[in-house]
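# Examining the three-dimensional arrangement
Below are the chains, spelled out letter by letter.
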Amino acid sequence: MEAHNLQEYYTFTKGIVYLFMGGALVGVTLFWQFLMGGKAYRDENKKNYGDHH
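Below: a short report on this structure.

What counts, and at which threshold
- Residues numbered from 1 in each chain as written.
- Predicted model: local features only at pLDDT ≥ 70, side-chain atom pairs only at ≥ 80, totals over all residues.
- Heavy atoms only, no water.
- Helix = DSSP H or I, 4+ residues; strand = E, 2+ residues; numbered from the N terminus.
- Buried < 20%, exposed > 50% of the residue type's maximum accessible area, 1.4 Å probe, protein only.
- Areas by Shrake-Rupley, 256 points an atom, 1.4 Å probe, with all protein chains shown as cover.
- Phe/Tyr/Trp six-rings, centres within 6.5 Å; stacked < 30°, edge-to-face > 60°.
- Expected span 1.5 Å × (residues − 1).
- Polar contact = N/O pair within 3.5 Å; in protein donor to acceptor, adjacent residues only side chain to side chain.

## Here's the deal with the overall build of the chain
Broken down by element type, the chain carries two helices and zero strands. The 53 residues of the chain split such that 0% are buried. For the chain, the accessible area works out to roughly 5200 Å², and carbon and sulfur atoms hold 65% of it.

Given below as structure tokens:
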């Protein structure tokens, strides 16, 4: 990438950061689901939620 002026540099950098943060958001979401045990964990909590009332 060859930036001819400061505005082009900032625009390019901003685009790269948006791509990076979008990937990080997806990655953190998937990692959180992995830590919580996936779908089976959520279904188990829904089933037991009514038993506590």
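## With respect to the packing of aromatic side chains
Applying the stated rule across the entire model yields two aromatic pairs. Aromatic pair Tyr9 and Tyr10: ring centres 5.9 Å apart, planes at 45°, arrangement tilted. Taking the relative accessible area as the measure of exposure, Tyr10 reaches 53% and is therefore exposed.

## Re helix α1 (residues 6-36)
Helix length check: α1 (31 residues) gives 44 Å between terminal C-alpha atoms against 45 Å at 1.5 Å per residue, within 8%. At the N-terminal end of α1, a side-chain oxygen is found 3.3 Å from the backbone nitrogen of Gln7, two or three residues along, and the residue is Asn5. Looking one or two residues beyond α1, the residue adopting positive phi is Gly37, at roughly 95°.

That's the geometry; what it means functionally is another story.
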